[in-house]
Amino acid sequence: MTTRRQVMKLAAFAASQTALMGAVRAEGGVDLGAAASAALPFAQQTPMRIGAAALRVRDLGRMRTYYIDLLKFDTISADKTEVVLGVDGVALLHLIHRPDAPLEAQTTAGLFHTAFLMPSRADFARWLVHAALARTPFDGFADHHVSEASYLTDPEGNGIEVYSDRPPSAWKWTGDTVTMGTDQLDIDNIVAQTDTTRDQYHTAPKALRIGHMHLRVGDVARGRSFYEGLIGMEPTRLGRPGVAFLSSGRYHHHIGINTWQSAGSGPRNVQETGLAWFSLRIADDAVMADRKRRLAAAGLSGESIADGVAIADPWGTQVRLVKA
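Rules of the game
- Residues numbered from 1 in each chain as written.
- Predicted model: local features only at pLDDT ≥ 70, side-chain atom pairs only at ≥ 80, totals over all residues.
- Heavy atoms only, no water.
- Helix = DSSP H or I, 4+ residues; strand = E, 2+ residues; numbered from the N terminus.
- Buried < 20%, exposed > 50% of the residue type's maximum accessible area, 1.4 Å probe, protein only.
- Lys, Arg positive; Asp, Glu negative; His and termini not counted.
- Salt bridge = Lys/Arg side-chain N within 4 Å of Asp/Glu carboxyl O.
- Polar contact = N/O pair within 3.5 Å; in protein donor to acceptor, adjacent residues only side chain to side chain.
- Pairing = 2+ DSSP bridges.
- Axes fitted to C-alpha atoms, helices over the stretch in contact; angles between N-to-C directions.
- Core = buried A, V, L, I, M, F, W, Y, C linked by side-chain atoms within 4.5 Å.
- pLDDT = per-residue confidence, 0-100.
- Contact = heavy atoms within 4.5 Å.

**Student:** A description of the side chain of Glu-161 should follow, citing residues and the corresponding values.
**Tutor:** If you trace the backbone, Glu-161 turns up in strand 8 (residues 159-165). Arg-240 is the oppositely charged side chain nearest to the buried, salt-bridge-free Glu-161, at an N-O distance of 11 Å. A distance of 3.0 Å separates the side chain of Glu-161 from the side chain of His-113, its partner in a polar contact. Of the polar contacts made by the side chain of Glu-161, one reaches the side chain of His-212; its length is 3.1 Å.

**Student:** If you had to explain the sheet that holds strand 18 (residues 318-323) to someone new, which residues and values would you point to?
**Tutor:** In space, the eight strands of this open sheet follow the order 2-3-4-1-15-18-17-16, with mixed pairing throughout. The open sheet has two edge strands with one neighbour each: strand 2 (74-78) and strand 16 (303-305). Adjacent strand axes in the sheet meet at a mean angle of 25°, parallel and antiparallel pairs treated alike. The pairing of strand 16 with strand 17 (residues 308-312) spans three bridges and is antiparallel. Considered in strand 17, the bridge of Glu-303 is made with Ala-310.

**Student:** Give me the lowdown on the nonpolar core, citing residues and values where you can.
**Tutor:** Residues Tyr-67, Leu-71, Trp-127, Leu-208, Met-213, Tyr-227 and Phe-278 are the most contacted members of the largest nonpolar core, which totals 66 residues. Judged by nonpolar contacts, the second largest core, of 12 residues, contains Ala-115, Ala-142, Tyr-163 and Val-178.

**Student:** Any details on the confidence of the model for the chain? Residues and values, ideally.
**Tutor:** Confidence along the chain averages 90 in pLDDT terms, with 88% of residues attaining 70 or more. Between residues 1-21, whose pLDDT stays under 50, and residues either more than four places distant or in other chains, the model counts 44 contacts. Scored below 50 in pLDDT, residues 29-36 makes 18 contacts in the model with residues more than four places away or belonging to other chains.

**Student:** Explain the pairing of strand 14 (residues 255-258) to me, and be specific about the residues and the numbers.
**Tutor:** Burial along strand 14 is two-sided: Ile-255 and Ile-257 and Gly-256 and Asn-258, pointing in opposite directions, are all buried. Taken together, the four bridges between strand 11 (residues 209-216) and strand 14 define a ladder with parallel strand orientation. Bridge assignment links His-214 to a residue of strand 14, and that residue is Gly-256. When strand 13 (residues 243-247) meets strand 14, the two strands line up antiparallel, connected through four bridges. Across the sheet, the residue bridging to Ala-244 is Ile-257, located in strand 14.

Pasting the structure below:
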């Protein structure tokens, strides 16, 4: 029989300084049993919210298997050039096949991690046990005060965060600045909500979504000018050097940008693997119109796409503003 102690040993690093430092680099309730949470989390109820992300990948089969095994995504569509994965018919991750693409270096602008948000702490607990019993390698764990998080890296070097939020009522704000930190995660307390002797994470929760995107950029001020001034995000935490957290509707952050590994980076090589694009879903027509006016005022028309417009950030990552 697998005990909780054994699960934590499989998960690795649970109480180690290695995991805590890994989390520092990565990010600066009620037991619902085996039922998947259905209510969309607060991150998905704001005027703008993350929709989907797309990765350019070399080994389409391997990457598809990895994300299905890790998060139990459904395959929404698949052909030789692209696989679309998601939950309950909602597309979350596009894998674009580029078999000859060079691997993107971690010192350039690009993806830091895609953060998949579990709808509840109980969902996160079940997923942690699932990942541990599958002997999934972790890079780190952290308690960020507003959320509890784990960090991984996919087979082609793309960063992943899987996390759950604490209730927004428990977040501490000083004006427009939210309190965040990087403390040791109490994994035992989390997995106490579920059965650690067996895997109960058979399907992804219906309300699992991408909670935020964290990007490597060449310059934080320039990144803020784009994601605040043009895209309309608002800063929520700016205290640490080389990083900024931005959001819509007082979420702790929908976008993170940092220069920890990528300071001074120029435009990305779009022939390489890594993040091709991500989307921001906008429910209100007035908000969408405002964003288009901002782009037009800056002399940026963007590219017309279905239900919206696409624009590249200063390093070439495409941001798609689409109607929710």
